[in-house]
Amino acid sequence: MTARKNKWRETLPIVALALFGLVWMVPLIWTLLTAFVPTTQLLNGSPLVWLQSLHLGAFAEAWEVAPFPRFYLNTIIWVFGLLAIQLVTVSLAGFALARMDFRGKDQIFFLFLTQLMVPGTVLILPNYQTLVRLGWLDSYQGLMAPYIASAFGTFLMRQAFKQVPKELEEAARSDGANWLQVLWHVFLPVTRAPLLAFSIVSITYHWNEFLWPLLITSSVETRPLTVGLALLVQSSEIGAQWDLLGAGTLIVAVPILVLIALVQKQFTNSFLSSGIK
Amino acid sequence: MKQPESSQTNTGGRVQAARAPAFTINLSGRGPIAYLFLLPSLVFLALFTLWPIISVIWTSFHTRRGRSEVFVGLQNYERVLSDPISQQVIKNTIGYVTIGLILSVIGGLLLAILMNQGLRNIGFFRFPFLATIALPMVSVASIWLFLYSPRVGLFNEILGGLGLPRSNWLSDRELALPGLFMVYMWKQLGYFALFYLAALQSLPNDVLEAAILDGTAFWQKLRHIIWPLVSPTTYFVATIAVLNSLQQVDHIFVLTEGGPNNASNLSLYYVYQQGFKWFKTGIASAMTVFLLAVLLTMAMLQFVYLERRVHYE
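Note that the structure is a prediction, hence the values are computed from the model and not measured. (Residues numbered from 1 in each chain as written. Chains lettered and ligands numbered in written order. Predicted model: local features only at pLDDT ≥ 70, side-chain atom pairs only at ≥ 80, totals over all residues. Heavy atoms only, no water.)

Draft legend 1. Quick look at the overall build of chain B. When helices and strands are counted, chain B shows 16 helices and two strands. Looking at the 313 residues of chain B, the share that counts as buried comes to 55%. Sequence separation of 24 or more characterises 66% of the internal contacts of chain B that already satisfy a separation of 6 or more. Surface summary for chain B: the accessible area is close to 15000 Å², and the carbon and sulfur share equals 64%. (Helix = DSSP H or I, 4+ residues; strand = E, 2+ residues; numbered from the N terminus. Buried < 20%, exposed > 50% of the residue type's maximum accessible area, 1.4 Å probe, protein only. Contact = heavy atoms within 4.5 Å. Areas by Shrake-Rupley, 256 points an atom, 1.4 Å probe, with all protein chains shown as cover.)

And the structure:
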């Protein structure tokens, strides 16, 4: 094979990927433009005009029109509050399933499996009715409740705990440590990677979640960013304030974009593990 | 109460004991502690996974008359199957899921082959496809709302620039559902590609060499070498493609609300409409049970498939 042909064979796929990636980015680039360039200039002007008329006005306006600071706070409380609770529940449950023997283990294992088979989104109607009975509508605990037990996280941690050498644990046990201390001092320090993987998936998933919060939140004090954005979209449809819409879209999406740009590799791995179940 | 339980585990759990002898020997009373560790998860699993399944099956056989629930047998199911709107919804959903499945597998594999090219620092090129996975569907849909906009949208600008007739994308009976589908694929294709990418990277290097684009030989290699080797991943991607397309409804809220005239209505959105807009919990529950049946069938198929392959832990 000639050297020239080899080179061609190497560069062609890269060029194809780059072009394809560029096309894929068009909607994102277009959103950036709508947010930073006034709509009239965007539609009538050239790229040079766009550069000259860059402004942050749409962000200021979006920030004014909808209570985004409050929506941010709500999203942060429910997403990170949930994560904190989940880290406890999945560590405890994963540990019990990985390292303890008890009656009914198979049945309990199957119960977790059921959650993997039946995603919560499908059960919105009965879960809503449960929240009504508990009086948890329009509350943070209502937002979190269906996700506090996480089969995905539990299985991920179970798998990780199984790989911890027995000697480590026995040493701690013979020093008189109880189970919680063993978990905390021996197991959790060596399973940071799966804990991180689970955290990335949990944060992205719930930061983006829409349907469940839409159904159960009804006040500014609980509504997350996604629901706030959808309300903004519905209201701006009338006036077609596209720059406002672009800015709102970015306000919601930027933290997640920054997160994956920073931890692209872990992100990739985490999402692979989320599928592997 | 505690003692007999743990001693039973010792005699009955021989398989467990063989795997982890240390625990069965030196630790008594671990049963109750295990339940304590599992308790928080079990409570919420029972309340928000087990109970809703039972409850939705129950309500699917009932209808609300005044303040009480009346047993109506299979009436809700009959109505879901005979009503023209729900028929339309089922038809839409089957089409959406099927095309989604095919494109996720083919598109995902091709994209993964592209993403798997030799360069080490290729992360930059992968970013576009990863970014869309992580974006909120509501944001993604808002982005596309603008692209689809009849008067100022990018698509119509391009069509107009090419001298082609403009379309009213999302209000068109023919185009609304494909319009939703494009948004969904744009967001999710990278997700499916990731699984293929992982599969490709676990293949031996000389096989990967064969994957470099090279005219007709490429298709031969794809068909006869790569495709068979990644078939477990294909099975897996097919499963999550179905689950994903059934679950994603956020874009419907932002873009079409199921319209025009239910042309872009999908099963889960229909459940929302029936249950939360028109309070027909019986109908919504019957549709939910259909969805559950599909999901459980998928899970069974996957289980059978996994059992057939080498079982390992």
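Draft legend 2. Region of interest: the overall build of chain A. Helices and strands together make up the secondary structure of chain A, namely 16 helices and zero strands. Against the compact-globule benchmark of 19 Å for 277 residues, chain A has a radius of gyration of 24 Å, which places it well outside the compact range. Judged by the C-alpha coordinates and their principal axes, chain A covers about 75 × 70 × 35 Å. Expressed as a percentage of its 277 residues, the buried residues of chain A come to 57%. Relative to all contacts within chain A whose residues are 6 or more apart in sequence, the contacts with residues 24 or more apart total 74%. Counting only carbon and sulfur atoms, one obtains 67% of the accessible surface of chain A, whose full area is about 12200 Å². Charged side chains of chain A number 17 positive and 14 negative; the gap between the two group centres comes to 13 Å. (Rg over C-alpha atoms; globule rule 2.2 N^0.38 Å. Lys, Arg positive; Asp, Glu negative; His and termini not counted. Charge placed at Lys NZ, Arg CZ, Asp CG, Glu CD.)

Draft legend 3. How the structure looks around the packing of helix 5 (residues 68-99) of chain A against helix 11 (residues 179-190) of chain A. Residue and element names in this part refer to chain A. Remark: helix 5 packs on helix 11, axes separated minimally by 12 Å, with the N-to-C direction vectors making an angle of 95°. When the axes of helix 5 and helix 11 are compared, the pair comes out roughly perpendicular. Here helix 5 contributes S91, L92, F95 and R99 to the contact with helix 11, which in turn contributes W179, L180, V182, L183, F187 and L188. For the contact of helix 5 with helix 11, the class distribution of residues is eight nonpolar, one polar and one charged. (Axes fitted to C-alpha atoms, helices over the stretch in contact; angles between N-to-C directions. Parallel < 35°, antiparallel > 145°, perpendicular 65-115°, else oblique. Nonpolar A, V, L, I, M, F, W, Y, C, P; charged D, E, K, R; others polar.)

Draft legend 4. A look at the packing of aromatic side chains. Enumeration according to the criterion identifies 41 aromatic pairs over all chains in this entry. When the centroid spacing of 5.1 Å and the interplanar angle of 80° are considered together, the rings of Y191(B) and F195(B) count as edge-to-face. Of this pair, Y191(B) and F195(B) are both found in helix 10 (residues 176-201), four residues apart, which corresponds to roughly one turn of the helix. For the pair formed by Y191(B) and F195(B), the shared burial category is buried. Pairwise contacts between aromatic rings join Y128(A), F210(A), F253(B), Y269(B), Y272(B) and F276(B) into one cluster. (Phe/Tyr/Trp six-rings, centres within 6.5 Å; stacked < 30°, edge-to-face > 60°.)

Draft legend 5. Quick peek at the packing of helix 5 (residues 75-82) of chain B against helix 6 (residues 84-115) of chain B. All names here are of chain B. One can describe the packing of helix 5 onto helix 6 by two numbers: an axis separation of 5 Å at closest approach and a directional angle of 70°. Put simply, helix 5 runs roughly perpendicular to helix 6. Each of R79, V80, L81 and S82 in helix 5 lies in contact with helix 6, whose residues at this interface are P84, S86, Q87 and I90. Of the residues that constitute the contact of helix 5 with helix 6, the class distribution is four nonpolar, three polar and one charged.

Draft legend 6. Representation of the interface of chain A and chain B in the model. Contacts between the two partners involve 99 residues from chain A and, on the opposite side, 96 residues from chain B. Note on chain A versus chain B: buried area summed over both sides is about 9100 Å², and carbon and sulfur give 77% of it. On the chain A side of the contact with chain B, L17(A), W24(A) and D101(A) bury the most area, a combined 9% of that side's loss. Here chain A is connected to chain B by zero salt bridges. Linking chain A with chain B are five residue pairs in polar contact (both at pLDDT 80 or more). No other element matches the 18 residues that helix 1 (residues 3-36) of chain A contributes to the side of chain A that touches chain B. Of the residues contributing to the side of chain A that touches chain B, the split by class is 64 nonpolar, 20 polar and 15 charged. (Buried area = accessible area lost by both parts, 1.4 Å probe. Salt bridge = Lys/Arg side-chain N within 4 Å of Asp/Glu carboxyl O. Polar contact = N/O pair within 3.5 Å; in protein donor to acceptor, adjacent residues only side chain to side chain.)

Draft legend 7. Just the side chain of H251(B), in detail. Residue and element names in this part refer to chain B. As for its position among the elements, H251 is in helix 14 (residues 250-255). The exposure class of H251 is buried, given its relative accessible area of 0%. For H251, the side chain forms a polar contact with the side chain of Y96, separated by 3.0 Å. Apart from the residues within four sequence positions on either side, H251 is in contact with Y96, M137, A141, L180, V183, Y184 and T256.

Draft legend 8. Seen up close, unusual backbone geometry. All names here are of chain B. The backbone of N262 shows a phi angle near 65°, a positive value even though the residue is not glycine. Here N262 is to be found in the loop between helix 14 and helix 15 (267-277). Backbone geometry places F279, a non-glycine residue, at a positive phi of 55°. On the secondary structure map, F279 appears in the loop between helix 15 and helix 16 (281-308). Looking at F279, the relative accessible area reads 63%, which means it is exposed.

Draft legend 9. Fine view of the confidence of the model for chain B. All names here are of chain B. Averaged over every residue, the pLDDT of chain B is 81; the share at 70 or more is 82%. When the criterion is pLDDT under 50, residues 1-29 qualifies, and its contacts beyond four places in sequence or with other chains add up to 31 contacts. For this predicted complex, the interface confidence reaches an ipTM of 0.86, while the overall pTM sits at 0.85. (pLDDT = per-residue confidence, 0-100.)

Draft legend 10. Focus on the pairing of strand 1 (residues 62-65) of chain B. Bridge count for strand 1 of chain B against strand 2 (residues 68-71) of chain B is four bridges, and the pairing is antiparallel. What sits directly across from T63(B), in strand 2 of chain B, is V70(B). (Pairing = 2+ DSSP bridges.)

Draft legend 11. A look at the pattern of salt bridges. Enumeration according to the criterion identifies three salt bridges over all chains in this entry. Note that K105(A) is salt-bridged to D101(A), the shortest N-O span being 3.8 Å. With a closest N to O distance of 3.2 Å, R64(B) and E69(B) form a salt bridge. Judged by its relative accessible area of 57%, R64(B) is exposed. Residue classification places E69(B) among the partly exposed residues on the basis of a relative accessible area of 27%.

Draft legend 12. The arrangement of the environment of R64(B) in detail. Residues and elements named next belong to chain B. Checked against the element boundaries, R64 lands in strand 1. A C-alpha to C-alpha distance of 27 Å links R64 and L295, two positions 231 residues apart in sequence. A polar side-chain atom of R64 sits 3.2 Å from a polar atom in the side chain of E69.

Draft legend 13. Structural context of the side chain of T256(B). Residue and element names in this part refer to chain B. Mapped onto the secondary structure, T256 falls in the loop between helix 14 and helix 15. Exposure remark for T256: the relative accessible area of 12% places this residue in the buried category. A polar side-chain atom of T256 sits 2.7 Å from a polar atom in the side chain of S264. Those residues within four positions of T256 in sequence are excluded, and the remaining contacts are L170, A176, L180, H251 and S264.

Draft legend 14. Summary view of the confidence of the model for chain A. For chain A, per-residue confidence averages 85 on the pLDDT scale, and 93% of positions sit at 70 or higher. The lowest-confidence element of chain A is helix 16 (residues 264-276) of chain A, averaging 70 in pLDDT; the highest-confidence one is helix 8 (residues 140-144) of chain A, averaging 95.

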